[in-house]
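Observations on the three-dimensional arrangement
Listed below, chain by chain, are the residues.
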Amino acid sequence: MNENVIKFRRPEPPKQPRKPNPQLRKLAIIVGVIAFFAAAWAYFQYLA
């Protein structure tokens, strides 16, 4: 209706960027390294 009326609102606080959990990332790296070595062992054990 009254489009020339200024509406005063509080500004929304800026959202913090989500950082991945450092412990979860470290665990994922360790699991990835173990999986890599397990795959390499299985390859040389059964295919090579």
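Residues numbered from 1 in each chain as written. Predicted model: local features only at pLDDT ≥ 70, side-chain atom pairs only at ≥ 80, totals over all residues. Heavy atoms only, no water.

Our focus in this paragraph is the overall build of the chain. Scanning the chain for helices and strands turns up one helix and zero strands. Each principal axis of the C-alpha distribution contributes one length, and for the chain these read about 80 × 25 × 10 Å. Residues classed as buried in the chain amount to 0% of the 48 residues present. Only carbon and sulfur atoms are counted for the fraction: they give 63% of the accessible area of the chain, which is about 5800 Å². (Helix = DSSP H or I, 4+ residues; strand = E, 2+ residues; numbered from the N terminus. Buried < 20%, exposed > 50% of the residue type's maximum accessible area, 1.4 Å probe, protein only. Areas by Shrake-Rupley, 256 points an atom, 1.4 Å probe, with all protein chains shown as cover.)

Within the structure shown, the criterion is met by three aromatic pairs. Ring geometry for Phe36 versus Phe37: centroids 5.5 Å apart, planes at 70 degrees, classification edge-to-face. Residue class for Phe37 comes out exposed when judged on its relative accessible area of 53%. Seen from their ring centres, Tyr43 and Phe44 are 5.1 Å apart, and the 75 degrees between their planes marks the pair as edge-to-face. Looking at Tyr43, the relative accessible area reads 44%, which means it is partly exposed. (Phe/Tyr/Trp six-rings, centres within 6.5 Å; stacked < 30°, edge-to-face > 60°.)

On to the environment of Phe8, then. Relative to the elements of secondary structure, Phe8 occurs in the segment before α1 (22-46). Residue classification places Phe8 among the exposed positions, given a relative accessible area of 78%. Put simply, Phe8 and Lys19 are eleven residues apart on the chain and 33 Å apart in space, counted from C-alpha to C-alpha.

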